[in-house]
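Listed below are the residues making up each chain.
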Amino acid sequence: MKVMVFVKATKESEAGVMPDEKVIAEMGKFKEELVQAGVMLAGEGLHPSSKGKRLHISDGKKTLIDGPFAETKELVGGYWIWQVRSLDEAVEWVRRCADYMPSGEWVLEVRPIFEADDFGKEFTPELRAQDRRLRAEIERQQKF
């Protein structure tokens, strides 16, 4: 199963405070463990919300909102995508991650990613074929 791990933003990350060399090295050790275990598929940190934008859509009306956004604790500061055997395994990795996080208060959220079979009969053979074609094209594009 694939999961996405959301690393919630902090006051420091929203202020643009970058981690020091020790923190980067420690997180590098953790990422090394994830890669060696075949768990990590992707992961990146995100710039503060002050550099972002939101599109709010309500009954077809679109409103573009410039960052920063309120409620830092609800913002995402980074993410990982992992391939694990179960949600419990993902939780074990998240618990291990805590040993590598810088001081301060952090929230990590783990959520399963939808797989094709989760959509049931509505995901027809034609739609599945389209999905496979698009995924193959994305993979091809990423090789450049």
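Structural data are supplied above this passage.
Each chain carries its own residue numbering, running from 1 in the direction its sequence is written. Per-residue local features of the predicted model are confined to residues with pLDDT of at least 70, and side-chain atom pairs are confined, for both listing and counting, to 80 or more; whole-chain, interface and lining totals are unaffected and use all residues. Calculated side-chain values reflect all of the structure's heavy atoms, with hydrogen atoms and water omitted.

## Points about the overall build of the protein
Moving on, step 1. Summing up its helical and strand segments, the protein has four helices and six strands in all.
Moving on, step 2. Helices (α) and strands (β) of the protein occur, in sequence order from the N terminus, as β-α-α-β-β-β-β-α-β-α.
Moving on, step 3. For the protein, the spread of C-alpha atoms along the three principal axes comes to 50 × 45 × 35 Å.
Moving on, step 4. Working definition: with a 1.4 Å probe on protein chains only, accessible area under 20% of the residue-type maximum means buried, over 50% means exposed, and in between means partly exposed. Residue burial in the protein is summarised as follows: out of 144 residues, 24% are buried.
Moving on, step 5. Contacts are assigned to residue pairs that have any heavy atoms within 4.5 Å of one another. For the protein, contacts bridging at least 24 residues in sequence account for 73% of all contacts bridging at least 6.
Moving on, step 6. For the protein, the exposed area adds up to about 10,900 Å²; of that, 54% sits on carbon and sulfur atoms.
Moving on, step 7. For the purpose of charge, His is not counted, nor are the chain termini; Lys and Arg are scored as positive and Asp and Glu as negative. By convention, the point assigned to a charge is CZ for Arg, NZ for Lys, CD for Glu and CG for Asp. In the protein, the 23 positive side-chain charges and the 26 negative ones have mean positions that sit 4 Å from each other. Only DSSP runs of H or I reaching four residues or more are called helices, and only runs of E reaching two or more are called strands; each is numbered from the N terminus. Throughout, the Shrake-Rupley method with a 1.4 Å probe supplies accessible areas, and for residues the shown protein chains are the sole cover considered.

## Examining the side chain of Lys-8
Moving on, step 1. For Lys-8, the location among the structural elements is in strand 1 (residues 2-8).
Moving on, step 2. The exposure class of Lys-8 is buried, given its relative accessible area of 10%.

## Notes on the pairing of strand 3 (residues 53-58)
Moving on, step 1. Among the six residues that make up strand 3, zero are buried, leaving the element largely open to the surroundings.
Moving on, step 2. One ladder, built from six bridges, connects strand 3 with strand 4 (residues 61-66); its direction is antiparallel. Counted as the bridge partner of Ile-57 is Lys-62 from strand 4. Here the rule is simple: two strands pair whenever DSSP picks up at least two bridges between them.

## Examining the nonpolar core
Moving on, step 1. The set of buried Ala, Val, Leu, Ile, Met, Phe, Trp, Tyr and Cys residues whose side-chain atoms join them within 4.5 Å is what this entry labels a nonpolar core. With 18 residues, the main nonpolar core has Phe-30, Trp-80 and Trp-82 as its most contacted residues.
Moving on, step 2. For this core, the leading source of residues is helix 3 (residues 87-97), giving four residues.

Keep in mind these numbers describe shape, not what the thing actually does.
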